Structure formats: C-alpha cells, structure tokens
Amino acid sequence: MRPMNMKNVLLKTRLLLAAIVAVASLSATAHAAAPGITGPNFTLTAQPAYLTQPDGQAIYSWGYGCTRTPAGFKPSATLMPGTACPTMQVPGPTLIVTQGQSVSITLTNQLPTAAGNTSILFPGFNVTPAGGVAGLLTEEAIPGGTVTYNFVASTPGTHSYYSGTQSDLQIEMGLYGAIIVVPSSAPAVCTSPAIRSNLYGAAGANPETDFRLATAAYNHAKTCYDREYLFQFAEMDPNIHNQALAQVTARTGCVTGAPGCSLEVPTEPYHPAYFLINGRSMPDDMDANYSPMYPHQPYNGNPHMHPGENVLLRIIGQGRWQHPFHEHANHVRILARDGNLILSSTDPTSLAGPALFTTTTTPGVAMDGIFYYTGRGLNWDMYGHNPASTDTSAKLTCTPDANGYNTGPAAYSAINYFEWCQDHNKPLQAAPFGDVAGGGPVTLPDANIFTNGAWYGGSPYLGPDATVRATGPTGVTPPSGTIANSPGGEAGFAFMWHSHNEREITTNNAFPGGMMMMMLIDSREFTIDESN
Amino acid sequence: MSSKIVGTFVLALIGVAVQQATAQSFRVQCPASTITHPTAANNNSEPAYTAATTFVSTNPSAPANGYLVPSAHVNGAIKCQQISGGDGYASMGDGTQTYMFSFGPLSGLADIASGNPGTEFPNTFNTTYPGTLVPGDPATTPGFTFNGAVGLTPDLDCVSGNTIATAAGSALPCPNLPASGLDGHVDPRAIMDVGVMNGNIPAPLMAIDEDDEYFLTLTNVGMIMRPDLFEQHTVHFHGYPNASAFYDGVPDASVAINIGGSFTYYYLAPDAGTYFWHCHITPPEHLQMGMVGQIYVRPRQNRVPATTSLYSALQVQQVDLRTACRRPNDGVTPAVTSATDILCTNPLPAVQTGLNGGGKYAYNDGDGSTRYDVEYPIQIHGFDPNFHFVGMTFNPEGFADMKDKYFLLNGRSYPDTVTPGSMETESADSVKHFSQPLPAIINITHGQKALLRISDLDVTEYQTLASLGIPMQVVGYNAKLLRDQAGNNLYYTTNSITLAGGESLDVILDATNNTTGQVFYLFTPQLDHLSNDAENFGGLMTEVHIN
C-alpha cells in the first residue's frame, strides 16, 4: 500500500503548490501589454545571469540587455512600476520602433570569453552590419567587442531577433527577443467612435489607461486593436545550461583564440525540461511585468480583456521546437506572418489569413492575430440579468447595434457593454437558487459533488454582480470563494491558454507548469489595470 | 487483479457516492423541450432549414422585461448524450493490453458499438432498458440495440409523492414530472455495472447539428485500478467559439466532477466544423492515458431542401446575426462596406455555382464545394507504453521524456485500423468490453467523395498523415472553412497533412476518377511511427478502399 500513499502525497503536494501559487499571483494582479524599449538607436549587451524557475532552480543563461538607460520605454516608465532594462534578460528587450525609422543596434559582447563571438540576426530586414568581424551569417562581436546593425524598419509588424552565432547553443542559452514595428500611420477608422470596441477616453465609461503601442498593427483597417500581448515560446534543456556553466567556469580567464578557450557543449540529444512563455514557466508568467522576483525575466503572460475588445496577439516561436498554442474560448484570426499581411487576392481590404484555435509556434516565425470574446451564441444571458430583481444592475437593458451587440454611448457606463442582445435576460437555470432568471434549460447539481478551481468565478455567470446575485458573495461552496478570480471581486471567465503538446505544461516533470497561462474575460465592473 | 477485489472496490465506491451527497449525485438531463425548442414533438428530428429563426419577446408589452423566444422557423433540435469517466483497457496492434484513464458510453451504446455517434434525440435518450444491463454491455449481450440513457429509471419518489399530493389535493412535490416518471433520475447500479472499466479509445463519438441544443452528462464512475486516485474528470469542448468558462471543462477555471457525481454540460451547437473533446484534468496525464474523443457539428446546409439554391440559402442565414458572416456585395440587405466579423470564415462565396441543396456538406459553403457522400472521423493519437504502465502502478510519472510508441488512428494501430466492427478487450474485471469501437478503414464508392474529419490529440509531437495515390483536398482547418473574407475558397490539394495535438482539419477524398477495387494507403511518412512498440510494422496507417 505504501506506493499508493506516496502517490496521494504527491498529488496533494501538487494541489497545495497550485494553491500557494494562485495566492501569490493574486497578491500581484498583473495584466500587461507588450512592454519594451524604444529607439531608434539601441545599445545592447549580451551577458550571462541566472533565470529562476518555479521549481526553485536558478538556471545559468545568456541574454541580451542594456548597458545604459534606453532612449525610452513603452508603455512609459511612469505607467509601469519597476520598468527597467537590466543588463541581461530573457527574452531580450523588446525593441519598439516606428515604420520608416532608421534603426541602429550596437551590441557589446560581454559573454564569458570562452563563449566566443556573438551576433544578432534580424530576419525580414535589409541589415547593414558594421564594426564587427565576419561571421557565418552576419558580422559578429568578439568577446569584449562590439558590432552595429543598421536597417530601415520598412514594414510594420512583429518580428523575432536572435543570435546568428553558434545558434544551437546561443539561442538555447537565451539569446533571442522581439522587435515590434508600429505602423507610421494607423487607419482613421481605428480611433472612430463608430466601431468603439474599447472605451478608452469615452465619456461616462469606466476609465482605463491605454497601454497600446499603437491603435493598429498595420496600415490596414482590419488590424485595429484594443489590447495587445506578446508571447515568445522557447524550451530549455537544463543539462546544456549546466554544461555551459561548468565549461565557462573551468575556462575562466582564458584568452580569446588560445587553444581550449572555447565551449564544447553538446546540444544533442535534446531533453528540454522547462517550457517557457516570455522566459517564464507557469505560474511565474502570471506575475507582474518587471516583477523584482524575476530580475532577468521581466515580461509576463497574463492576458485580460473585456467582452468585445479586439486583442492583438503577437506570437513568436523562439527556441528549436514547434508548440501548438491552444487558445481556449475563441479562434484567432491570423493577420500576418513575419510582418507580412495576408490579404485576399481579389480584395485587398479583406483578410485572408486562417482563423485558428491552435496557433502553432514555429522557430523563427512571428504571427500577428486578432482574438475577441463576446459570448455570442451561448443561448443564455451570461450576465444573469433578471428583470424581476430589485437590483438595478440585474435589470440593465440591451440595445442591439447592427451586429446584435449592446454598444453605443448609452451603454458606455454599463457593465454589460458589448453584451450579445439576442440572449439578454434568457435564463440558464431551470430553477435557480439566487437572484437570476429561472425557466432555463439546465439544472445545476449539488455543488458538493464538484471540486472548484482556483480561477473559478463562483458561478456560471460573468462578473461580481451576477455571481453574487446567483450564489452569494463567496460564490458556490465549498470552498468558500475562490482565490485567483474572486466571486465578489473579479469573477471573470477564466480560460486556459497553453501548449497542446500537453507534456509541455509541466515544469521539470511537475504539473502544472510550463507553457500555460490563464486568460481572463472580465466584465466592465472590473478595471483592467495593465500598470502592474 | 481478481474480479472479487474489483467487486469490493465497486461496492466501496457506491458507498462513497451515497455518503458524499445529500441529494442523488448521479443524474442525467435531457429535456424534451426548452424555451429555444418549445415543441417537444418537433425535437426528435431535424427540420428542414428554410429560413432563419425569428424571435419575439416573452413580454411583448415591455420587451425589456422579457427575453427572446422563437416565433417561427425553429431550427435544430435537442440532442443528449451520457458518458462515463473512469478507466479501462485497450488492445494495441502487437496484442498488448494497455491500461487507460478513459471515457465510455452511457447512452447510444448500440450506436457507438457500430461506429456511430452516441448522440441521441430526447425520444431515444429518454428510454429505459427493458431488462438488466450487465458488465461489458453491449459486448456481453448479443443483439444489443438499446440506445437510451444507461440507468434512467422512473423517479418513484416523485411518482408516489405526486400521487399522494393529488389525492390530498395539495401542491405537487414534482410539478414538472413527465407522465413517464422519467425526470433524469437514475439507478446508479446500472451505471456502475456498465460504466466501470468500460473505457473507450477514442472516447465516445459525438455529433450534433447547428442550431441544436446539446446536453452532455458526464458521470464519474471512478478508476477501479487506481483507488488511490480520487480523480475528477471534466469535458473540454476543444475549439468551441465563444465558450463559457463554466462549461469549458478546465478544472482550474470551473468545476470538476468528483467520483460519484454527474454534471450536464450545455451548449447551443456552435458553427459547423470538426471539433474534439477531452478531459482537462492534469492534461499531460489524462490525455496521454486516453481521455480524448471527437465531436463534429454538421452545417445547416445539410438541411437545405434539394429545390433551394445553396447560395440563396446562405444568404438567408445572414439574417441570423448569431451566425452571420457578412461581406460587401453579398446581396444581403442592408449592405455592408466591409466584413463585419473578423473571426468568421464562411461569407457568401465569390463565385456562384448555382448548385442546389439536398446533399451532405462539411460547412455552410453556399457553393456546394464541401459536398461529400460519406464521412469518416479520424482521430490521431499516441500512447507511451511506459507512461501507461506507470499510470497503472501507482508511481509518479515523468512528463518531459514522454515518448509515444503506439501510434493510433481511432485508437487502433495498423492492421487493427482496417478491422471492421468494434474491437473488444478483456479488462481486469474478466469481462470483455468494446474498447475500440471505431474502425479507421475508409470505404468510398467509385465516383463519390469522402470527408475525413481528422483531429489530432497527441500530447507529445506533431504527426503527418500522407495519402498514396488519392489526393487530399483540404477544405477546413481548425473547424473553419478555408475561405478568405472576400469569399474566395482557399482550399488546397496535397498528399500529406501535418497536425499538432490540438488541431483538426477537414479533407475530401475524391474518387471520381478511381475504379472499383483500388486500394490506397493513408500512412505516416514519419517512419518510426509505422511501428507498434517493438514491432517494426504497423502504427499510423490505414487503407482507403474504392468500392
């Protein structure tokens, strides 16, 4: 019987770990955009440091970073506490430039001497290198030396950058990052109140700060967006990192070019144990951007959005494997691949990229896509409206626009902005316990036969008002209230976004972890603050 | 494990189930009518699609205080299904019995056994078995034809309570009880007898039609071989657009169903396409262990009368804002100046073909381009025998080095893929169960077309499936028609497709130019996947027969 007990202990330990983790992420609710540094002149360095993982390991890695304060940050440092560009980070600093700018990146090689030369490739741009030494794919910086890459950011979009020197080792060690080119002029329709899917600055609306880098991903009316998130996927084999550290340590003080002053780290066979989004494993990826807990992993993966908002996903495959990134809750319309818009062959105003529920990340490939969530077609009112209630929030109206949604200035201040009106007031439950309409198709069973998740909002309904009316201030019991998405505070619809190579949602063989995050659809009662 | 010990576990589990819940915790739900489908007599078949549903408020004098109910052209019907979450055994291509965490059918048993979806109309689901179901059914009982809900039985408390109340002239305790007495109350014994150790790979097939309401009841019967694990199970409807978190099946974001409990998932059918479903508890474990199945949604276009043009029928669909996919110049009033929904993929086709309805189609294409004669669900999966052994033997699993050694199409490796009928496996209860009901052989009459609904739920790596001789036309990807927002079809013809776990794709095989007797192979060019563990033969392969 002993092994059985052991398994139980393990299982319980995992659950406990998940609970602790959930509390940790609650204390630093973080929902953030695509932060980075601005130029157009960048001074970068390549340096070693240690990355932290949720299993407590500190992994020796190499990354790009800043040797001096960059020209600027986006979103601005005043908007995002802790904003910094450390001397080394994984992924490297996200370089944010504007279409048409002449971009210059000067890289200083501060890797250990034994690591040899290093460099950066900028696929998709016509790069002119200068000041380095000749390498296989581009000019390289020798240990202690520099190299400068110049190019014009000719077209907008999301791109990757990564080391072009001994890439099998250097990219594995963390030398990769993203460059975002925002369009020089966004289409006017993107800021027109006529298509107001966000309410930034709208009179009467719950004020939320705009953290976007731009209002459109491209100079195209179909690429307007309301929020944006950047996800970079890479895996990590700790054996390679440990061997690199051992060899670097053994060769401390060696002289460039001297016999033996190089690394002989085998990169095959390859057994990655860490599966990273923006350099972090779940649940660390849901902590804040620039969190002091992760001095060399400043970027998170913790998307939040309101119903109806167009959310731009900038997805990059780094590393060496493909990862099927599955977005729960809706499809993603792929706008572009490596900065190239995919348009109809007969009508350049129409999109032609696929709509996917699984967006495969491929090494070196960047995708831009639009995601939204409205709850259209649920066939029940997700706000749990109840015209018979005495609660005014339960009796909100829904005035459909041409597409059937509750929009327009009269709804700007309502928590059901962008509600799907065809289901307004339509009951879910046959005989509900709380203050929501009855007569619906389903009977919810005794809550005692369920186990509630840490992100369960406490009821089937969206938002604290509906949840409290349906079930009470703590949601259904047990347990009394959930911890990461509280019934009385947020009660969003939580959806898991994760690699569907499911073994990759683990951290060093422990579940949960790896390439996983929770995406939250929040009603308008909940203010999404991307600043932390 | 002897059957006596198994029996003890069964008793123990029933005991737990009774103790845990104050109310009965096994239940099914399958209403004969709802506010969306108000006429019970119309909900047991699919009506023709002649117009978009029109709605009226339940409170015409003060619409703000009511909600919309259909006033005319009620489309779709009600569909119900019950599945067990538990464990079981399957037979691999090399004869090995492999332990699984798995779902099994608890409705549509005869349909599942003959390779069909176990999704039923209410008048089939809400029927009781005339005898006593026994372990292994339908494999145990010859001539088994029952498709109703396992365990469903009249709610005698309600029946007698209503009788007493009627006699006393007092309020009925169960005012909505149907005359049959069937209100979803079940006899847990039948569910445990049939559901325990009855896992299937792939998990029970599901199929619904657009506009249907779908009630899926998951009943957790426990995992007999792992009594140390008090595992919950869930159903994630993978790829459903605008899903609700509550019914999304992610235990972290919703509720998970404990052993001894039932939960009914509810959805209005989403857009047509090939989706799939799986348990979302500890996904690297429960998916690898076998809790993966397919669900597809048939398009409205299947219900368009043979006298109606498909193009005009798709125009009619644009009136329904729930499914509208507008584009400029689509001939629908009011006109739009650009596509109105960035995520829809089936606007009116750019080219009118003039074809009429009356056939079967993969999508609402409006031009007949996804028409097929026969359809085959094909589910790609992989089993790592080491992980399954560890999964049966109480040891902690490793995830990072998971390596599949059995490569499965519909839960079978070649040559089992072409074996007709259900495959059966003797489980640890010494009873034979239909473990793998779904063959993967593809039969096409020459001159006709077959639709392959291919889904991949492998949890470790990408899989390629190639076609020898007969080209594959890809018409859908991730449950979406391949069409740009200006209406141009983006289909492509290929001889191989590659999918990740978590993707689906629709392929049409056109046997127009083939002759009777031809045999083609669908196989993987990933040559190490053409094996059954140590056997260097088999794996991810099946046959296409032209009849």
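Each chain carries its own residue numbering, running from 1 in the written order of its sequence. Each chain gets a letter, beginning with A, and each ligand a number, beginning with 1, in the order they are written. pLDDT decides what is reported in this predicted model: residues at 70 or higher carry local features, side-chain atom pairs at 80 or more are listed and counted, and totals for whole chains, interfaces and linings draw on all residues regardless. Excluded from the side-chain calculations are hydrogens and water; all other atoms, namely the structure's heavy atoms, are used.

**A short note on helix α5 (residues 188-195) of chain B**
Structurally, the α-helix is built with 3.6 residues per turn, so residues lying three or four positions apart point the same way. Residues and elements named next belong to chain B. Under the scheme applied here, a residue whose accessible area is under 20% of the maximum for its type counts as buried, over 50% as exposed, and between as partly exposed, the area being computed with a 1.4 Å probe on protein chains only. Starting at the N terminus, helices and strands are each numbered in turn, a helix being any DSSP run of H or I of at least four residues and a strand any DSSP run of E of at least two. Extensive coverage of α5 is indicated by the burial of 6 of its 8 residues. Along α5, the positions that sit buried rather than exposed are A190, I191, M192, D193, V194 and G195. The residue sitting at the N-terminus of α5 and contributing the capping side-chain oxygen is D187; that oxygen lies 2.9 Å from the backbone nitrogen of R189. The definition of a polar contact used here is a pair of N or O atoms within 3.5 Å, where within protein one atom must be able to donate a hydrogen and the other to accept one, and adjacent residues in sequence count solely through side-chain atom pairs.

**As for the confidence of the model for chain A**
Caution applies to low-pLDDT parts of the model: their predicted coordinates are not meant to be read in detail. Per residue, pLDDT measures the predictor's confidence, with a range of 0 to 100. This prediction gives chain A a mean pLDDT of 91; 93% of its residues lie at or above 70. We call two residues in contact whenever any of their non-hydrogen atoms come within 4.5 Å of each other. Counting contacts from residues 1-30 of chain A, a segment whose pLDDT is below 50, to residues more than four positions away or on other chains yields 38 contacts.

**Remarks on the packing of aromatic side chains**
Stacked, tilted and edge-to-face pairs are distinguished by plane angle, under 30 degrees for stacked and over 60 for edge-to-face with tilted covering the rest, among Phe, Tyr and Trp rings (Trp via its six-membered ring) whose centres lie within 6.5 Å. Scanning the entire structure with this criterion turns up 46 aromatic pairs over all chains. Measuring from ring centre to ring centre gives 5.7 Å for F122 of chain A and Y161 of chain A, while their planes differ by 35°; the resulting arrangement is tilted. You can see F122 of chain A sitting in the loop between β6 (102-109) and β7 (128-130) and its partner Y161 of chain A sitting in strand β11 (residues 157-162), a full 39 residues away along the chain. The pair formed by F122 of chain A and Y161 of chain A is uniform in burial state, with each residue classed as buried. Their ring planes at 35° and their centres at 5.0 Å tell us that F237 of chain B and Y240 of chain B sit as a pair that is tilted. Each member of the pair, F237 of chain B as well as Y240 of chain B, carries the same accessibility label: buried.

**Overview of the interface of chain A and chain B**
Facing the 89 residues of chain A at the interface are 98 residues of chain B. Two parts placed together each lose some accessible area under a 1.4 Å probe, and the buried area is that loss summed for both. Between chain A and chain B, roughly 7,800 Å² of surface is buried when both sides are summed, and carbon and sulfur atoms account for 58% of that area. Salt-bridge detection follows one rule: a side-chain nitrogen of Lys or Arg within 4 Å of a carboxyl oxygen of Asp or Glu. Summed over the shared surface of chain A and chain B, the result is 1 salt bridge. At the surface where chain A touches chain B, the tally comes to 51 residue pairs in polar contact (both at pLDDT 80 or more). Elements with a contribution of two residues or more to the side of chain A that touches chain B: α1 (2-27), β17 (323-327), β18 (332-337), β20 (355-356), β21 (358-361), β23 (450-452) and β24 (493-499) of chain A.

**A closer look at the state of the cysteines**
For this text, the term disulfide refers to a pair of cysteine sulfurs within 2.5 Å. On inspection of all chains with the given rule, the structure shows 7 disulfides over all chains. Each disulfide pairs two cysteine sulfurs, and for C66 of chain A the partner residue is C85 of chain A, the sulfurs being separated by 1.9 Å. Looking along the S-S bond of the C66 of chain A-C85 of chain A disulfide, the torsion reads about 80°, which is the right-handed sense. One end of the pair, C66 of chain A, is in strand β3 (residues 58-66); the other, C85 of chain A, is in the loop between β4 (72-74) and β5 (95-98), and 19 residues separate them in sequence. Grouping residues by exposure puts C66 of chain A and C85 of chain A together as buried. Residue pairing for C325 of chain B: its cysteine sulfur links by disulfide to C344 of chain B, the two sulfurs lying 2.0 Å apart. Here the disulfide of C325 of chain B and C344 of chain B is right-handed, its torsion about the S-S bond being about 80°. Separated by 19 residues along the polypeptide, C325 of chain B in the loop between α7 (310-317) and β12 (360-361) and C344 of chain B in the loop between α7 and β12 bring together distant segments of the chain. You'll find C325 of chain B and C344 of chain B in the same group, each marked buried.

**Overview of the side chain of D429 of chain B**
Residue and element names in this part refer to chain B. By the element assignment, D429 lies in the loop between β16 (423-426) and β17 (432-436). Positive charge is attributed to Lys and Arg, negative charge to Asp and Glu, and no charge count is given to His or to the chain ends. This buried residue, D429, is left without a salt bridge; K432 holds the nearest opposite charge, at 11 Å. A distance of 2.9 Å separates polar atoms of two side chains, one belonging to D429 and the other to H433.

**Brief notes about the sheet that holds β17 of chain A**
Residue and element names in this part refer to chain A. Pairing between two strands is assigned when DSSP locates at least 2 bridges connecting them. Pairing is mixed in the open sheet, where 5 strands are placed in the order β15-β25-β24-β17-β21. Taken across any chain shown, the strands that pair with only one partner, and hence form the sheet edges, are β15 (304-305) and β21. Relative to β21, β17 runs antiparallel, the two sharing 4 bridges. Opposite P324, over in β21, you have T360 as the bridge partner.

**Remarks on the sheet that holds strand β11 (residues 292-298) of chain B**
Residues and elements named next belong to chain B. Taken together, 4 strands build an open sheet; the order of strands is β5-β11-β10-β7 and the sheet is mixed. With partners counted over all chains shown, the strands left at the sheet margins are β5 (203-209) and β7 (236-238), one partner each. Put simply, the sheet's adjacent strands are angled 25° from each other on average, direction ignored. Bridging between β5 and β11 involves 5 bridges; their strand directions are parallel. Each bridged residue has a counterpart across the sheet, and for D209 the counterpart in β11 is R298. Each axis is a line fitted through C-alpha atoms, and for a helix only the stretch in contact is used; angles between axes span 0 to 180 degrees, taken between their N-to-C directions.

**Considerations on the pairing of strand β12 (residues 176-182) of chain A**
Residues and elements named next belong to chain A. The buried fraction of β12 amounts to 7 of the 7 residues, a majority that puts the element mostly inside the structure. Side chains Y176, A178, I180 and V182 project from β12 onto one buried face, and the interleaved G177, I179 and V181 project onto a second face that is buried too. Pairing between β5 and β12: 4 bridges, direction parallel. If you follow T98 over to β12, its bridge partner there is V182. Note: β11 against β12, 6 bridges, orientation antiparallel. For G157, the partnering residue across the bridge sits in β12 and is V181.

**With respect to the domain arrangement of chain B**
All names here are of chain B. Its domain assignment divides chain B into domain 1 (3-32 + 76-298) and domain 2 (372-546). Bear in mind that the domain bounds are from an automatic or database domain assignment. Distance from the C-alpha centre of domain 1 to the C-alpha centre of domain 2: 26 Å. Contacts between domain 1 and domain 2 engage 55 residues on the former and 57 residues on the latter. Of the roughly 4,400 Å² buried between domain 1 and domain 2, counting both surfaces, carbon and sulfur atoms make up 60%. The largest share of the area that domain 1 buries against domain 2 comes from T274, F276 and Q288, three residues that together contribute 15% of it.

**Things to note about the pattern of salt bridges**
Residue and element names in this part refer to chain B. On inspection of all chains with the given rule, the structure shows 30 salt bridges over all chains. Among the ionic pairs, R27 bridges to D183, the shortest N-O distance being 3.7 Å. You can see R27 sitting in the loop between α1 (3-20) and β1 (54-57) and its partner D183 sitting in the loop between α4 (156-168) and α5, a full 156 residues away along the chain. Overall, the relative accessible area of 30% leaves R27 in the partly exposed class. Take D183: its relative accessible area is 25%, and that puts it in the partly exposed class. Close ionic contact of E46 with R303 constitutes a salt bridge, the shortest N to O distance being 3.8 Å.

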